[in-house]
Amino acid sequence: MSELAKLTIAAARDGLKQKTFSAVELADAHCAAMEKARALNAYVLETPERARIMAKASDARIAKGEAGPLEGIPLAIKDLFCTQGVRTTACSHILDNFVPTYESTVSGQLWRDGAVLLGKTNNDEFAMGSSNETSFMGAVTSPWRRKGSNTPLVPGGSSGGSAAAVAAHLALGATGTDTGGSIRQPAAFTGIVGLKPTYGRCSRWGVVAFASSLDQAGPFARTVRDTAIMLRSMAGYDPKDTTSVDVPVPDYEAAVGQSVKGRRIGIPKEYRIDGMPEEIERLWQQGREWLEAAGAELVEVSLPHTKYALPAYYIVAPAEASSNLARYDGVRYGLRVPGRDIIGMYEGTRAEGFGKEVRRRIMIGTYVLSAGYYDAYYLQAQKVRTLIKQDFEACFAQGIDAMLTPATPSAAFGVGEKGGADPIEMYLNDVFTVTVNMAGLPGIAVPAGLDGQGLPLGLQLIGRPFDEETLFSLGQVIEDAAGRFTPERWWA
Ligand code: GLN
């Protein structure tokens, strides 16, 4: 494989600037790697012609000295982001022929800054899942394997294709969305960095909606610095998203490498859950030691409502999903299955168009919003959500700058291994990540080590609202101490 695909975004940026290689060469190297890695099913659409055109334009701008901050950087886009003229499916049968006439704000800002589109990446259908197995386009296979085993593993979800693509050197970076953990969990499973920004930091406009009060777009890359570079382009106020927040976008990269001396890091005791594997506990301890050695002060804190986060999330998220997905009715776009009358058409379209997990979420959501149960479920879950947010606020008010927790309760599991008979088994994967979405906070997953079977494990840092910079500084400390992790290539 070409060495070009192994670069970081920062190194590629330098190489392009110095004209060591061209943007076309960089894009071609990635397109060649993608072709050889189809066994992973990370991409649901490759766009090599478009990549060449965009890269050529980048080379022209570089030659004229007009390079943008991401000029010539080849990226993958989760298939949840609408891309103008490029098929966008949310990996659902109901949208599998949908070609948007507009570009999502976040992807548009990446192109504005010079990035190059490599293709659209696989995800769980409508971003519902933790393993990328609910995709209508088939499961993604992780580039990682257990030592001495050929068992295919999941890359995590729902942004599994993006995570696998970045980990397998099929893109320098990728976008993801995170409603309950869908950036941080797959990043942890594949040994890369993933950041969920503060709610309102990145525009949701043009991103296929799952649960609007929880959804946030964010970057995946192989280093903390690279995610910081990407976030600067992705973030920003957008009047087209009513929940977008008008605060300036800092130079996130400047926070990378900054001292963390004297920063107060909370260790929430409720994250020490029953049955947590030794290895996760040890990793967490290791992370504490690394941060302490860098001069941070570690403080045990309490987030007493943590245990209610997962059940409350699985009321709020399906409720919003059931409402958001009502628009897929076969009338304006997407699949249409003709019926006897209009009701028959709706029913046929939705029955055929949505997969099992999506149908389950719609049913749960409709149930918890129904007149007789609204107070008992939805309203109650909203109250719990406020309490979870207040838990964090109380800690931040006492001078805590960020929290350190494990990113996931285990390493990646095998394809087909979880959630078959009992969906809750799959839902439990989000136990460390959903609180962050419920509270609207930023969170980053940074690879921190390998387990006994040689699989990556990640640590999570949770920050104050709009303080992604602290997460980048702390994340860099972990990256410096832990090193980086690359899967052994078996797919080509
Ligand atoms: N795994 C969670 C779910 O299935 C979160 C998914 C996400 O963040 N998009 O809802």
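Located above this text is the structure these notes cover.
None of the values given here were measured: they were computed from a predicted structure. (Residues numbered from 1 in each chain as written. Predicted model: local features only at pLDDT ≥ 70, side-chain atom pairs only at ≥ 80, totals over all residues. Heavy atoms only, no water.)

Take helix α9 (residues 309–324) next. Under the 1.5 Å per step criterion, the end-to-end length of α9 is 22 Å for 16 residues, consistent within 8% with the ideal 22 Å. The element α9 is extensively covered by neighbouring structure, given that 14 of its 16 residues are classed as buried. (Helix = DSSP H or I, 4+ residues; strand = E, 2+ residues; numbered from the N terminus. Expected span 1.5 Å × (residues − 1). Buried < 20%, exposed > 50% of the residue type's maximum accessible area, 1.4 Å probe, protein only.)

A few words now on the sheet that holds strand β3 (residues 116–121). Spatial ordering of the open sheet is given by β1-β3-β2-β4-β6-β5-β10-β11-β9-β7-β8, a layout of 11 strands whose pairing is mixed. Edge positions in the sheet fall to β1 (43–46) and β8 (297–301), since each of these pairs with one other strand and no more. For this sheet, the mean angle separating the axes of adjacent strands, direction not counted, is 30°. Of the pairings in the sheet, the one linking strand β5 (residues 193–196) to strand β10 (residues 443–450) comprises three bridges and is antiparallel in character. Pairing of Leu-195 across the sheet is with Ile-444, part of β10. (Pairing = 2+ DSSP bridges. Axes fitted to C-alpha atoms, helices over the stretch in contact; angles between N-to-C directions.)

Let us look at the nonpolar core. Core analysis: the largest hydrophobic core is formed by 159 residues, its most contacted members being Phe-126, Leu-170, Leu-291, Phe-392 and Phe-472. If one sorts the elements of this core by residue count, α9 sits on top with 10 residues. Leaving out residues up to four positions away in the same chain, Phe-126 has contacts with Leu-80, Ala-90, Ser-92, Ile-94, Leu-95, Val-208, Phe-210, Leu-325, Tyr-328, Phe-354 and Val-358. (Core = buried A, V, L, I, M, F, W, Y, C linked by side-chain atoms within 4.5 Å. Contact = heavy atoms within 4.5 Å.)

Here the focus is the packing of aromatic side chains. Scanning all chains against the criterion turns up 17 aromatic pairs. Considering the side-chain rings of Phe-126 and Phe-354, the 5.9 Å spacing of their centres and the 65° angle between planes classify their relative orientation as edge-to-face. Taken as a pair, Phe-126 in the loop between β3 and α5 (160–167) and Phe-354 in the loop between α10 (342–353) and α11 (356–369) lie far apart in primary sequence, 228 residues in all. When its relative accessible area of 1% is taken as the criterion, Phe-126 is described as buried. (Phe/Tyr/Trp six-rings, centres within 6.5 Å; stacked < 30°, edge-to-face > 60°.)

What follows concerns the site of the ligand. Taken together, the neighbourhood of the ligand is formed by 15 residues, with Thr-179, Gly-180, Ser-182, Tyr-313 and Arg-361 sitting nearest. Separating a nitrogen atom of the ligand from a side-chain N or O atom of Ser-158 is a distance of 3.4 Å. One of the backbone nitrogen or oxygen atoms of Thr-179 is found 2.7 Å away from an oxygen atom of the ligand. Protein chains shield 99% of the accessible area of the ligand, which is 290 Å² for the free molecule. (Near = heavy atom within 4 Å. Polar contact = N/O pair within 3.5 Å; in protein donor to acceptor, adjacent residues only side chain to side chain. Areas by Shrake-Rupley, 256 points an atom, 1.4 Å probe, with all protein chains shown as cover.)

Where helix α1 (residues 9–17) contacts helix α7 (residues 224–234), the two axes come as close as 8 Å, and the packing angle between them is 70°. In terms of axis orientation, α1 runs roughly perpendicular to α7. Facing Ile-9, Ala-10 and Arg-13 of α1, the residues of α7 in contact are Arg-225, Asp-226, Ile-229 and Met-230. Of the residues that constitute the contact of α1 with α7, the class distribution is four nonpolar, no polar and three charged. (Parallel < 35°, antiparallel > 145°, perpendicular 65-115°, else oblique. Nonpolar A, V, L, I, M, F, W, Y, C, P; charged D, E, K, R; others polar.)

A few words now on the side chain of Ser-233. Inspection of the secondary structure assignment puts Ser-233 in helix α7. In this view, Ser-233 contacts Leu-70, Gln-109, Leu-110, Arg-112 and Asp-113; residues no more than four positions away in its chain are not counted.

Within β3, six of the six residues are buried, which leaves the element mostly enclosed by the surrounding structure. Note that β1 and β3 share three bridges and pair antiparallel. Directly across from Glu-46, in β3, lies its bridge partner Gly-119. Bridge analysis of strand β2 (residues 74–78) against β3 gives five bridges, and the strand direction is parallel. Counted as the bridge partner of Ile-77 is Lys-120 from β3.

We now examine empty space enclosed by the protein. Taken as a whole, this structure holds two cavities of 30 Å³ or more when the rule is applied. Taken as a whole, the largest cavity encloses approximately 70 Å³ of empty space. Across the lining of the largest cavity, the residue classes break down as five nonpolar, six polar and two charged. In this model, the second largest cavity occupies a volume close to 30 Å³. Lining the second largest cavity are Thr-177, Ser-203, Arg-204, Val-207, Asp-215, Gln-216 and Ala-217. Among the residues forming the lining of the second largest cavity, the class breakdown is two nonpolar, three polar and two charged. (1 Å grid on protein atoms, 1.4 Å probe; cavity = no way out; pocket = protein on both sides within 12 Å on 5 of 7 lines; lining within 4 Å. Points joined across faces, edges and corners; volume = space filled by probe spheres on them.)

With respect to the helices and strands, the residue Gln-285 is situated in helix α8 (residues 278–293). On the accessibility criterion, Gln-285 (32% relative accessible area) is partly exposed. Separated by 74 residues in sequence, Gln-285 and Arg-359 have C-alpha atoms that sit 40 Å apart.

Further remarks concern the layout of surface pockets. Counted as a void, the largest pocket has a volume near 310 Å³. In this structure, the largest pocket is lined by 19 residues; those nearest its centre are Thr-134, Glu-357, Arg-360, Gly-419 and Met-426. If you list the elements that add at least two residues to the lining of the largest pocket, you get α11 and α13 (423–427). Broken down by element, the residue count for the lining of the largest pocket peaks at four residues, all from α11. Of the residues contributing to the lining of the largest pocket, the split by class is four nonpolar, eight polar and seven charged.

Any functional reading would require information that these geometric values do not contain.
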